[in-house]
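Structure at a glance
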Amino acid sequence: MAGSNHPFPIGSRLNETKPTTGLRRRLGLFDATMIVMGGIIGSGIFMNPSVVAKVISSPLLIMAAWAAGGLIALMGAFVYAELSSQRSEAGGQYAYLREAFHPAVAFIYGWALLLVIQTGGMAAVAITFAKYFLELAQRPATDLNTALVAIIALGSLTVINCLGVRAGSTVQSILMVLKIVAIAGLVVFGLTVPNSHAVFESGGHGPGGISAWTAFGAAMIPVLFAYGGWQTSCFIAGEVRDPKRDLPRALLLGVLGVIAIYLAVNYVCLRVLGAEGLAATQTPASAVMRLAFGEIGGRLIAIGIAISTLGFLSQSILTAPRVYFAMAEDGLFFRSVARLSSRHVPVVAIILQGVMAMIIALSGKYEQILNYVVTVDFIFFGLTATCIFVFRLRTRDKTGFRIPGHPVSTILFILACWIVVGNVVYSYPRNSLIGLAIMASGLPVYYLWRRQKRSTE
């Protein structure tokens, strides 16, 4: 797609770090690994096991679905590990798409990230946190109270991340450690419940033949939702001390750690509740802890879930503004978004994202937005993975991380992403079309911005 007018010549700077951003490299391997895990583990693992159990009733198939989801996430981590070892500047997916295809493709991704993917997800997670916070505070969870608490949470974390990448990363790491402690408590205490159900058995009933595969595919949607988020660590590549070495390691360590956590949580839920009991509750983590410790256990896990959602929110606020910063540096967004504070932080980009998320949270329309967030997000997952083929054709440099099993593993990951897109479009056609329309609207905006840039120059 790139021609003579492409601002980045074919094959150029594939293995170089962009030196002019002004961002400071202050994050190490531990920070990056916590960011990877924090971007994946939110509230989904506490809720989605019951969603999966409603679709497939066999305990063995439930565990198989979560293992398959982990395998797909690991393949995705392999893809992003190679991409991050080849390009180590801020922006992550934005930079990969810009270099592999065209700045217009990258702009559309950044546009969708700001208007659909990131801010919609942040608003929903903030509302989830607000509901658990109000429950713990024994306050009525009215729409107004929920929105106000969500806005306070968004505003507080936005301010913290404006103080510097070290401050934001420190808060993120602390919340991630607390999140792991909460999940470990759920697993350990769940194993103490005496009445247990068989987990590794093929019991349960459901459709056979093609319908069984359809049901398994439907169950994979909430599984893959819960596993999503590993890619956001690449947004802060410009602030990792040794991104070519540490980002691939962080991606693999983080995703493997999440797979272990998710399988352990599902094992405990099935052991304590059984497949039928798991399908019957909307809050499986709370149900397990109540059986272990009564109402005190329920309140403890509610605190853990609140911390988990807050940690996920902190990670989102820390990472995604680096995409808008990169867009502004390319002259395709407001110049002020590329402005750095005295602490070398893209404050305007962080505030812009925070304000957008607050507006969505206040509007109360986040449920509708979440339906099409996934459609747009997984389109770009698959498209970003195709960058591997483009980069390998352009350069023979074999240094850095290389994807095991490529091209088969890469193609399987791309197909998995686009199968998810097809499932969501089929299930929610109206909302999916809204998301696709917002994404497509980025193309004329890109050309308007490009024309303005040329006239200014």
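Right above here is the structure, for reference.
Let me begin by describing the structure that accompanies this report. This structure is a prediction, so every number in the text was calculated from the model and none was measured.

This part covers the nonpolar core. Counting 142 residues, the largest nonpolar core has W66, W230, V255, Y262, L313, Y324 and F413 as its most contacted members. Counting residues per element, this core draws most heavily on helix α5 (residues 103-136), at 21 residues. Ignoring any residue separated from it by four or fewer positions in sequence, one finds Y324 in contact with G110, L113, L114, Q118, F333, V337, A349 and Q353. Formed by five residues, the second largest nonpolar core is a distinct cluster that contains L27, I35, L247 and L318.

Taken together, the side chains of V408, I411, L412, L415 and I419 define a hydrophobic patch exposed on the protein surface, amounting to about 460 Å² of accessible area. Note on placement: V408 falls in helix α14 (residues 408-427). Exposure remark for V408: the relative accessible area of 53% places this residue in the exposed category.

With that out of the way, let us pick up unusual backbone geometry. Generally, phi is negative for residues other than glycine and the peptide bonds are trans, each holding for most cases. With an omega of 10°, the peptide bond running from H406 to P407 counts as cis. For P407, the position within the fold is in the loop between α13 (366-394) and α14.

Attention shifts here to the packing of aromatic side chains. Counted by the stated rule, this structure contains 16 aromatic pairs. Look at F129 and F133: their rings are 5.9 Å apart centre to centre, the planes differ by 35°, and that puts the pair in the tilted class. Of this pair, F129 and F133 are both found in helix α5, four residues apart, which corresponds to roughly one turn of the helix. Taking 4.9 Å as the distance between ring centres and 75° as the angle between the ring planes, the aromatic pair formed by F378 and F381 counts as edge-to-face. Here the residue F378 and the residue F381 both occupy positions in helix α13, the gap between them amounting to three residues, near one helical turn. Among the residues examined, F381 registers a relative accessible area of 1% and is labelled buried. An aromatic cluster of three or more residues is present, and its members are F107, W111, F333, F334, Y446, Y447 and W449.

On to α14. Here α14 contains 20 residues, and its C-alpha end-to-end distance of 29 Å stays within 8% of the 28 Å for a straight helix at 1.5 Å per residue. Of the positions making up α14, those classed as buried are S409, T410, F413, I414, A416, C417, V420, V421 and V424. Projected onto a plane normal to the axis of α14, the buried residues spread over an arc of 155° and lie on a single side. Relative to its buried face, α14 has exposed residues pointing more than 90 degrees away, namely V408, I419 and Y426.

Counted at 1.5 Å a residue, the expected span for helix α1 (residues 29-40) with its twelve residues is 16 Å, and the 17 Å between its end C-alpha atoms agrees. In terms of burial, α1 is a largely internal element, ten of the twelve residues being buried.

Turning to the side chain of T309, a few remarks are in order. Secondary-structure assignment places T309 in helix α10 (residues 284-319). Discounting chain neighbours no more than four positions away, the residues touching T309 are S43, V125, T128 and F129.

So, about the packing of helix α3 (residues 59-86) against α14. Packing of α3 against α14 brings their axes to within 9 Å, and their N-to-C directions diverge by 120°. In terms of their interaxial angle, α3 and α14 are classed as oblique. The element α3 and its partner α14 pack so that their crossing is left-handed. Residue-level contacts link I72, M75, G76 and V79 of α3 to S409, T410, L412, F413 and A416 of α14. Across the contact of α3 with α14, the residue classes break down as six nonpolar, three polar and no charged.

Opposite charge on two side chains makes pairing possible when the charged atoms of those side chains draw close. Evaluated as defined, the whole model comprises four salt bridges. We note a salt bridge from E82 to R402, for which the minimum N-O separation is 3.8 Å. Taken together, the residues E82 in helix α3 and R402 in the loop between α13 and α14 connect sequence positions 320 residues apart. Overall, R402 belongs to the partly exposed group, its relative accessible area being 28%. R98 is the salt-bridge partner of D330, the closest N and O atoms lying 2.6 Å from each other. Pair noted here: D330 is in the loop between α11 (321-329) and α12 (347-363) and R98 is in helix α4 (residues 93-100), with a separation of 232 residues, a long-range link. The same class applies to D330 as to R98, namely buried. Overlapping salt bridges, with partners in common, bring together E82, R392 and R402 in one network.

Thresholds applied
- Residues numbered from 1 in each chain as written.
- Predicted model: local features only at pLDDT ≥ 70, side-chain atom pairs only at ≥ 80, totals over all residues.
- Heavy atoms only, no water.
- Core = buried A, V, L, I, M, F, W, Y, C linked by side-chain atoms within 4.5 Å.
- Buried < 20%, exposed > 50% of the residue type's maximum accessible area, 1.4 Å probe, protein only.
- Helix = DSSP H or I, 4+ residues; strand = E, 2+ residues; numbered from the N terminus.
- Contact = heavy atoms within 4.5 Å.
- Patch = residues over 30% accessible without salt bridge, like charges linked within 9 Å, V, L, I, M, F, W, Y side chains within 5 Å.
- Areas by Shrake-Rupley, 256 points an atom, 1.4 Å probe, with all protein chains shown as cover.
- Salt bridge = Lys/Arg side-chain N within 4 Å of Asp/Glu carboxyl O.
- Phe/Tyr/Trp six-rings, centres within 6.5 Å; stacked < 30°, edge-to-face > 60°.
- Expected span 1.5 Å × (residues − 1).
- Arc of directions from axis to C-beta.
- Axes fitted to C-alpha atoms, helices over the stretch in contact; angles between N-to-C directions.
- Parallel < 35°, antiparallel > 145°, perpendicular 65-115°, else oblique.
- Left-handed = near helix turned anticlockwise from the far one by under 90°.
- Nonpolar A, V, L, I, M, F, W, Y, C, P; charged D, E, K, R; others polar.

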